[in-house]
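Here are the chains, one letter per residue:
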Amino acid sequence: MTPRVLRAAGRAPAPWRNGGGVTREIAVWPEGAASDAFDWRISLADVAADGPFSAFPGVQRTLTVVEGEGMDLMVGGEHHIVDEPYWPYDFPGDLQTVGHLLGGPVVNFNVMYRRCRTEAATAVVRGTVRLMPPDGGAVLALALEDGAVLDGTDIELGRYDAVLLTDEPSGRPAAVLRTMGSAVLVTLGPVSRYAPGTQ
């Protein structure tokens, strides 16, 4: 399978209901799934004002600040200072969450996945990275700086461009990404049959 390139320039901004920012969806599975039906969803959010986060019952979230000074997140009544750039922070989407900007607007990289169906891991990486989706899953890499390239191709990724690979019955595709700076790597797979809390 040829890696699917998802260009930043092709993402339409969707304004938040509270007017505090906009979201640009990078990828969702199943493709085209609504907010109450996805297995996983990955996006970039421009946050311009303090305000509540939407509730997503049964969904785990990972937020990574990629621009700006960060946020004070009040999650279920507890403060969590998220001010370290490129440091993924996990929290439950079920809990009431309010974000307060620490020093002006931020851009957040967001991963949301339904706990009953999907496991996900988010990491910020540098250098040479092998992209290998797990069985029945997917892997997505988002360039945080210009100049990332896929080995053996003429594909170059600019800032916030992404590449997506999914596992297929015909074989497990793989690719090698070489970054000039940092990239966010998200590995997504089905919940383990013997994971705690699953049947």
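Presented here is an overview of the structure given in this document.

The rules behind each value
- Residues numbered from 1 in each chain as written.
- Predicted model: local features only at pLDDT ≥ 70, side-chain atom pairs only at ≥ 80, totals over all residues.
- Heavy atoms only, no water.
- Helix = DSSP H or I, 4+ residues; strand = E, 2+ residues; numbered from the N terminus.
- Rg over C-alpha atoms; globule rule 2.2 N^0.38 Å.
- Buried < 20%, exposed > 50% of the residue type's maximum accessible area, 1.4 Å probe, protein only.
- Contact = heavy atoms within 4.5 Å.
- Phe/Tyr/Trp six-rings, centres within 6.5 Å; stacked < 30°, edge-to-face > 60°.
- Lys NZ or Arg CZ within 6 Å of the ring centre and 35° of its normal.
- Pairing = 2+ DSSP bridges.

Assigned secondary structure in the protein chain consists of 0 helices and 17 strands. A globule of 199 residues ought to have a C-alpha radius of gyration of about 16 Å, and the protein chain, at 17 Å, matches this closely. Taken along its principal axes, the extent of the C-alpha atoms in the protein chain is 45 × 45 × 25 Å. Burial statistics for the protein chain: of 199 residues in total, 46% are counted as buried. Of all intrachain contacts in the protein chain linking residues separated by at least 6 positions in sequence, the fraction that spans at least 24 positions is 70%.

A few words now on the packing of aromatic side chains. One pair of aromatic rings is described through two measures. These are the centre distance and the angle between the planes. The final tally for this structure, using the stated rule, is 3 aromatic pairs. With a centroid separation of 6.2 Å and 50° between ring planes, the pair formed by Phe38 and Phe56 is classed as tilted. Of this pair, Phe38 sits in the loop between strand 3 (21–29) and strand 4 (40–47) while Phe56 sits in the loop between strand 5 (51–52) and strand 6 (59–67), and the two are 18 residues apart along the sequence. The pair formed by Phe38 and Phe56 is uniform in burial state, with each residue classed as buried. Between Tyr89 and Phe91 the ring centres are 5.6 Å apart and the planes differ by 20°, which places this aromatic pair in the stacked class. Here Tyr89 matches Phe91 in class, with each residue buried. Here a set of aromatic residues connected by ring pairs shows up, and it is made of Phe53, Tyr89 and Phe91. Stacked on the ring of Phe38, the Lys or Arg Arg114 has its end atom at 4.7 Å from the ring centre.

Taken in spatial order, the 4 strands make up an open sheet running 5-10-7-8, and their pairing is antiparallel. Edge strands, defined here as strands with exactly one partner in the open sheet, are strand 5 and strand 8 (78–82). Where strand 7 (residues 71–75) lies against strand 10 (residues 97–101), 5 bridges are found, and the strand directions are antiparallel. Opposite Met74, over in strand 10, you have Val98 as the bridge partner.

Within the secondary structure, Ile42 sits in strand 4. Sequence-wise, Ile42 and Glu25 are 17 residues apart; in three dimensions their C-alpha atoms are separated by 6.3 Å. With residues near it in sequence (within four places) discarded, Ile42 still touches Glu25, Ile26, Ala27, Phe109, Asn110, Val111, Leu140, Val186 and Leu188.

It is worth spelling out the sheet that holds strand 6 at this point. For sheets, the rule is that strands pair by backbone hydrogen bonds, running either parallel or antiparallel. Read from one edge of the open sheet, 6 strands run 2-3-4-11-6-9, paired in antiparallel fashion. Two strands bound the open sheet, and with one partner strand each, they are strand 2 (14–15) and strand 9 (89–92). Two elements, strand 6 and strand 11 (residues 106–114), share 8 bridges in a ladder whose sense is antiparallel. Each bridged residue has a counterpart across the sheet, and for Leu63 the counterpart in strand 11 is Asn110.

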